[in-house]
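Overview (structure and organization)
Here is how the chains run, residue by residue.
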Amino acid sequence: MSDRSPLTLGVYALAAILALFELAVLWQGLHPQVSDDYRAYYIDRSTTCLPQPVIGAYIVGTKLDLRSGGDDTRELRPCGWDGPAGDGMHSVGETSLLRFELGRPQALNLMLELTGTALPGPATQHVAISANDTPLGTIEVAPDQTDSFTLPIPREAIADDGTLTIRLDYPDAISPGPRTANTYWRSVKLTAASLVAQK
């Protein structure tokens, strides 16, 4: 059979197409086109919190009970929470988010009722809290002790469409075991939360 037969040329063409396909797949693997959240969680591993789409519907002034049997808050929790349980919503990882759709920007007071984890570790859990990337402050939560914390949120920190994402970062989060991934580390339990308009 001649080297220039149609069958041979077809085999070469198919091999070239397969090689190009494999190169394209390799290029995509080395330079993936993914969202910033996906990249941070799966590729860079710079966060333990991969936000899921939530509705975030909330009426200002409502105090939420985050224990089992309390309010259904699934659509307010994009990531970083486990539960609810009888002692509240357990944080998992080094960051947790709460998302609220408020309809319009307004000055608010954020109330969080938190209990520190009882796992062996630091004397207190530091929790850095921000609103749409505006730092609100850092609080200290004692192990197995429930305290209420109130932080003001300026109107300017809330998006023009009324969207508000509360971020809790846990620099002292504790690993429950020696081989536990940081996406399962523990810090606090959230038992109640509210947003109240400033007077």
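Along each chain, residues carry numbers from 1 onward, in the same order as the chain's sequence is written. Confidence filtering applies because this is a predicted model: local features only for residues at pLDDT of at least 70, side-chain atom pairs given and counted only at 80 or more, and all residues used for totals across whole chains, interfaces and linings. Side-chain numbers come from the whole structure's heavy atoms, not from hydrogens or water.

For the purposes of this entry, the term helix denotes a DSSP run of H or I that reaches at least four residues, the term strand denotes a run of E that reaches at least two, and both are numbered from the N terminus. When its secondary structure is counted, the protein shows two helices and ten strands. The order of α-helices and β-strands along the protein, N terminus first, is α-α-β-β-β-β-β-β-β-β-β-β. At 24 Å, the protein has a C-alpha radius of gyration far larger than the 16 Å of a compact globule built from 199 residues. Projected onto the principal axes, the alpha-carbon positions of the protein cover approximately 90 × 45 × 30 Å. Only protein chains enter the calculation, and the probe is 1.4 Å; a residue is then buried if its accessible area is under 20% of its type maximum, exposed if over 50%, and partly exposed in between. Looking at the protein as a whole, 38% of its 199 residues qualify as buried. In what follows, residue pairs with any heavy atoms lying within 4.5 Å of each other are defined as contacts. Here the analysis covers contacts within the protein between residues at least 6 apart in sequence; of these, 68% occur between residues at least 24 apart. Here, Shrake-Rupley sampling with a 1.4 Å probe gives the accessible areas, and only protein chains in the shown set may cover a residue. If you sum the accessible surface of the protein, you get close to 11600 Å²; carbon and sulfur atoms cover 55% of it. When we talk radius of gyration, it's over C-alpha atoms, and the globule rule is simply 2.2 Å times the number of residues to the 0.38.

Residue position: Ile174 is located in the loop between strand 9 (163-169) and strand 10 (188-197). Taking the C-alpha atoms as reference, Ile174 lies 9.9 Å from Val188; in sequence the two are 14 residues apart. Filtering out sequence-adjacent residues up to four positions away, Ile174 remains in contact with Thr117, Leu119, Pro120, Gly121, Pro122, Gln125, Trp185 and Arg186.

What follows deals with the side chain of Lys189. If you trace the backbone, Lys189 turns up in strand 10. Here the side chain of Lys189 touches Asp87 through a polar contact of 3.5 Å, side chain to side chain. For Lys189, the residues in contact, after removing those within four places along its chain, are Asp87, Met89, His90, Glu113, Leu114, Thr115, Gly116 and Asp144. N or O atoms within 3.5 Å of each other form a polar contact, as long as, within protein, one can give a hydrogen and the other can take it, and as long as residues adjacent in sequence are counted only when both atoms are side-chain atoms.

The next point concerns the sheet that holds strand 7 (residues 134-141). If you walk across this open sheet you meet the four strands as 4-9-6-7, and the pairing is antiparallel. Only two strands of the sheet have a single neighbouring strand rather than two, namely strand 4 (95-101) and strand 7. For this sheet, the mean inter-axis angle between neighbouring strands, taken without regard to orientation, is 20 degrees. With four bridges connecting them, strand 6 (residues 125-131) and strand 9 associate as antiparallel partners. If you follow Ser130 over to strand 9, its bridge partner there is Arg167. Note: two strands are recorded as paired if DSSP finds a minimum of 2 bridges between them. Lines fitted to C-alpha atoms define the axes here, with helix axes fitted over just the stretch in contact, and angles between the N-to-C directions of these axes take values from 0 to 180 degrees.

By themselves these figures say nothing about function.
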